[in-house]
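Analysis of the macromolecular model
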Amino acid sequence: MPFARQVLIMQVGVVVVVACLGYGLVAWMLDGRLRDQYGQRALTVARSVAADPAVADAVAAGDPAGVVQPRAERVRARTGALFVVVTDDRGIRLSHPNPDRLGRRVSTDPSDALAGREVVRVERGTLGLSARGKVPLYGRDGRILGEVSVGFDARAIDAELGRVLREMTVFVAGAVLLGVLASVAIGRRLKRQTLGLEPYELVELVHEREAVLHGVGEGVVAVDTRGRTAVCNDEASRLLGVTPERGAPAGDLAPAGTLRDVLTGAREASNLFVTAGERVLVVNRREVRRDRRDLGAVVTLRDRTDLETLARELDSVRILFDALRAQRHEYANRLHTLSGLLQLGHGEEAAEYIGALMEDASRRAPAPENLPDPVSDPYLRAFLSAKAAVAAEKGVRLDVGAGSYVPGRVADPLDVTTVVGNLVDNAVEAARLGRRRPARVEVELLGDGRDLHVTVADSGDGLPADLRDAAFDDGVSTRDAAPGRSRGLGLGIARRTARARGGDVAFVDADRPGATGAVAVARLPGVLGAEAAL
């Protein structure tokens, strides 16, 4: 049986059971209340008869004149009672609706009333079942002369109860009908909201969704129409570095920038390269609609950090290979020249040629020992020496300013090499592609307590003023990207790394306009060891 029908049947059953229980409870309470009301009514009438002095005097005298019977019958007629019975102190009737029963003992026990107690109860007598009230009959001297018993027919109680229950039945039937209709409406709504799926199908869907979301290698973030996080799988939490609660604003998953714009819907994304911390991500955003109704959006995140690093390394290898191939041709030409001089017997010219080659080689080769002595940290010296070698292969000379001064050791080499490396790589590319020759990059390092200040200047064509801040956004670059590659990520990573430590990276105006290209400065708080602050 379909789940919606099961729910409908259970709801209808609950409504009917509750209505029947309520109906029975009300009927039981109403019956008790009506019996009590009729009993109190009988008790009131009995009191009024017992308070009549003529009745008390007649009973005290044995009623020789027959005064009690007519008075009792008049009261019965006026009140609609079933009977009004007056007895003496032995329970002998002095009045009764049936005159044949006069002079006989009453059919019910009169001892309570004769003992001075008022009684209200439902009993069966000679006239049938009735609600009756019994009171003692006192004489003028206060002595109990007998009792007065008044009863109302129980069939009147049942008739009154039946009338009230008939009215209540209409109400209960209406309530049951309303409950059934409401149950039908709830069942239909439930079926629409569950798309007609059964509970076991919903459970299977949940299991499948969990398996798919947490089994794929991509990060998945589902955002509802209000911009709140509906789903965030484990991979997305890892890539974003946060584990959001369901319903958290999507903008809280990433700092201000391109990635936050994509998550909030302020920007579309189709294979868009962005950075998250030190990671390079490929982001896609797809709007989700069903039956022309907007259901939100799904954002997928793919980690391209390793691939991007590998692509950069391949670019470096390719550039190095081209440089080596050019050097091979150059060296082959030089060897041919030297061989020709020796074969022709020009030994003196050959020696001079060898000396010129050695002088040119020493001028070109970068030497780690040429770094300023105040830069004593082995990480910086090795890192800058390697960068100088790579720059030389690209035809760019990398110099470390003579004014550089870095006391002590670097305490956080990863952040330092990330920031300085990206700035140097960007400057080397700008110098290589610039019009000025010779192509140069100058790096200056200055330690201030535990903070490190870095300045990187290149001989390139410079950076337009309107791009000095935008250059740090993801995807912004002054050069075209190669097929399958992304640009505009390195500077963004450098700034995010610096700002994560409370520092910053920015472009500034050159000291001598026209003499150099772009000048980038960075401040990295707390990256030097404690000994640097002494």
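Above this text is the structure in question.
Residues numbered from 1 in each chain as written. Predicted model: local features only at pLDDT ≥ 70, side-chain atom pairs only at ≥ 80, totals over all residues. Heavy atoms only, no water.

1. A word on the overall build of the chain
Helix and strand counts for the chain stand at 13 helices and 14 strands. For the chain, buried positions account for 38% of its 534 residues. In the structure as shown, the chain presents an accessible area of about 29800 Å², 55% of it carried by carbon and sulfur atoms. (Helix = DSSP H or I, 4+ residues; strand = E, 2+ residues; numbered from the N terminus. Buried < 20%, exposed > 50% of the residue type's maximum accessible area, 1.4 Å probe, protein only. Areas by Shrake-Rupley, 256 points an atom, 1.4 Å probe, with all protein chains shown as cover.)

2. Notes on the nonpolar core
Among the nonpolar cores identified, the biggest contains 40 residues, and Val441 and Leu445 are the most heavily contacted of them. Only helix 11 (378-393), strand 10 (397-400), helix 12 (413-433), strand 11 (440-448), strand 12 (451-458), helix 13 (490-500), strand 13 (504-508) and strand 14 (519-524) provide two or more residues apiece to this core. Broken down by element, the residue count for this core peaks at eight residues, all from helix 12. Contacts of Leu445, omitting those with residues within four sequence positions, involve Val375, Leu380, Leu384, Ser404, Tyr405, Val406, Leu452, His453 and Val454. Core analysis: the second largest hydrophobic core is formed by 35 residues, Ala58, Val59, Ala81 and Val150 among them. (Core = buried A, V, L, I, M, F, W, Y, C linked by side-chain atoms within 4.5 Å. Contact = heavy atoms within 4.5 Å.)

3. Examining the packing of helix 11 against helix 12
As a packed pair, helix 11 and helix 12 sit with axes 11 Å apart at the nearest point and diverge in direction by 20°. Judged by the angle between their axes, helix 11 and helix 12 are roughly parallel. Here helix 11 runs over helix 12; the crossing is right-handed. Contacts from Tyr379, Leu380, Phe383, Lys387 and Ala391 of helix 11 reach helix 12 at Pro413, Val416, Thr417, Val420, Gly421, Val424, Asp425 and Val428. Across the contact of helix 11 with helix 12, the residue classes break down as nine nonpolar, two polar and two charged. (Axes fitted to C-alpha atoms, helices over the stretch in contact; angles between N-to-C directions. Parallel < 35°, antiparallel > 145°, perpendicular 65-115°, else oblique. Left-handed = near helix turned anticlockwise from the far one by under 90°. Nonpolar A, V, L, I, M, F, W, Y, C, P; charged D, E, K, R; others polar.)

4. Focus: the sheet that holds strand 14
If you trace the five strands from one edge of the open sheet to the other, you get 10-11-12-14-13, paired in mixed fashion. Two strands lie at the open edges of the sheet, namely strand 10 and strand 13, each paired on one side alone. On average, each strand axis in the sheet is tilted by 15° relative to the strand beside it, whichever way the strands run. With six bridges joining them, strand 12 and strand 14 adopt antiparallel strand pairing. Across the sheet, residue Val454 finds its bridge partner in strand 14, namely Ala522. Lying over the sheet, helix 11 contacts strand 10 and strand 11, oriented at roughly 155° with respect to strand 10. Across the sheet, helix 12 lies against strand 10, strand 11, strand 12, strand 13 and strand 14, angled at about 10° from strand 12, the strand it touches most. (Pairing = 2+ DSSP bridges.)

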